[in-house]
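An overview of the molecular structure
Each chain is listed here by its residues.
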Amino acid sequence: MIGIYGGTFDPVHHGHLRPALEVMEALGLDEVRFLPLRRAVHREQPIATQDQRLAMLRAALAGQPGFVIDEIELERDGPSYMVDTLRQLRGKLPGRTLCLLLGGDAFNGFMTWREPEAISSLCHLVVMQRPGHRLPEEPRLRALVQERHSPSAGALAEPDGGRIFFQPVTQLDISATDIRRRAANGQSLRFLLPDSVMRIICEQNLYTGHH
Ligand code: ATP
């Protein structure tokens, strides 16, 4: 099984990295592919350039076995719809089961994504959450969870996709928005993200003047 972790990564931080590592270990994933998006659909566009976001990701993932970057969305023109990405990945990785890693916030907005049911059939959804999650409030998402929820990780190995699994992970309340704000204010970013990423932000003066 392969983990698919899409995001802006503007910048990548420990709130992305630690939960991804825990999911990889808990589910025995062969790898986690980090997919930086090209053009955001549901949010403001990234501040750092594609090259800068890639350089930060490369620095962050260096030395972690199983963590790889996939530039599939950067290489594709137009808005980065996850459903298109997954269809492409199914062609590129035939016979592999894909697990889409989502933070709880991303999962709560999942029904606003393009073709959410199709996404959920192309892969398993692995929601990185607090232990003892509650059912989502949004009725369509609630119905999807009731239909597709998998109580055990073992059930993910069988089918190609279509299950929803809640993986408890260490909660780190870190966001890229907060990191950018701190950088703009000249505050330290230490311990929020890898030192190697912090150095790139400092050396290239990223995020200064952005609030
Ligand atoms: P921003 O603050 O700019 O919106 P972000 O820190 O939320 O960015 P993204 O790159 O937009 O990061 O997020 C990509 C994915 O990472 C989403 O699925 C999101 O839910 C998840 N994620 C981000 N931060 C965390 C965190 N602290 N813990 C768990 N998941 C996270």
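Presented here is an overview of the structure given in this document. Every value quoted in this text rests on a predicted model; they were computed, and no experiment measured them. (Residues numbered from 1 in each chain as written. Predicted model: local features only at pLDDT ≥ 70, side-chain atom pairs only at ≥ 80, totals over all residues. Heavy atoms only, no water.)

**Structural notes on the overall build of the protein chain**
A tally of helices and strands in the protein chain yields 8 helices and 6 strands. Counting from the amino terminus, the protein chain carries its helices and strands in the arrangement β-α-β-α-β-α-β-α-α-β-α-β-α-α. Computed over its C-alpha atoms, the radius of gyration of the protein chain comes to 17 Å, within 12% of the 17 Å expected for a compact globule of 211 residues. By its C-alpha atoms, the protein chain is 50 × 35 × 30 Å across when sized along the principal axes. Here the protein chain holds 211 residues, and 50% of them are scored as buried. (Helix = DSSP H or I, 4+ residues; strand = E, 2+ residues; numbered from the N terminus. Rg over C-alpha atoms; globule rule 2.2 N^0.38 Å. Buried < 20%, exposed > 50% of the residue type's maximum accessible area, 1.4 Å probe, protein only.)

**As for the side chain of Gln 52**
With respect to the helices and strands, Gln 52 occurs in helix α2 (residues 50-61). Sequence-distant contacts of Gln 52, defined by excluding residues within four places in its chain, comprise Gln 204 and Leu 206. (Contact = heavy atoms within 4.5 Å.)

**Brief notes about the site of the ligand**
Of all residues adjacent to the ligand, which total 19 residues, the nearest are Arg 43, Asp 105, Leu 172, Ala 176 and Thr 177. Interatomic distance of 3.1 Å between a backbone N/O atom of Phe 9 and an oxygen atom of the ligand. His 13 is positioned such that a nitrogen or oxygen atom in its side chain is 2.8 Å from an oxygen atom of the ligand. Taken together, the elements giving at least two residues each to the shell around the ligand come down to β1 (2-7), α1 (14-27), β4 (98-103), α4 (104-108) and α7 (176-184). (Near = heavy atom within 4 Å. Polar contact = N/O pair within 3.5 Å; in protein donor to acceptor, adjacent residues only side chain to side chain.)

**Section: the sheet that holds β4**
Hydrogen bonds between backbone groups are what pair the strands of a sheet, and the pairing can be parallel or antiparallel. As summarised here, the arrangement of the 6 strands in space is β3-β2-β1-β4-β5-β6, forming an open sheet in which the pairing is parallel. Unpaired on one side and paired on the other, β3 (67-69) and β6 (164-168) mark the two borders of the sheet. Strand-to-strand twist of the sheet, defined as the mean angle between neighbouring strand axes without regard to direction, takes the value 30 degrees. (Pairing = 2+ DSSP bridges. Axes fitted to C-alpha atoms, helices over the stretch in contact; angles between N-to-C directions.)

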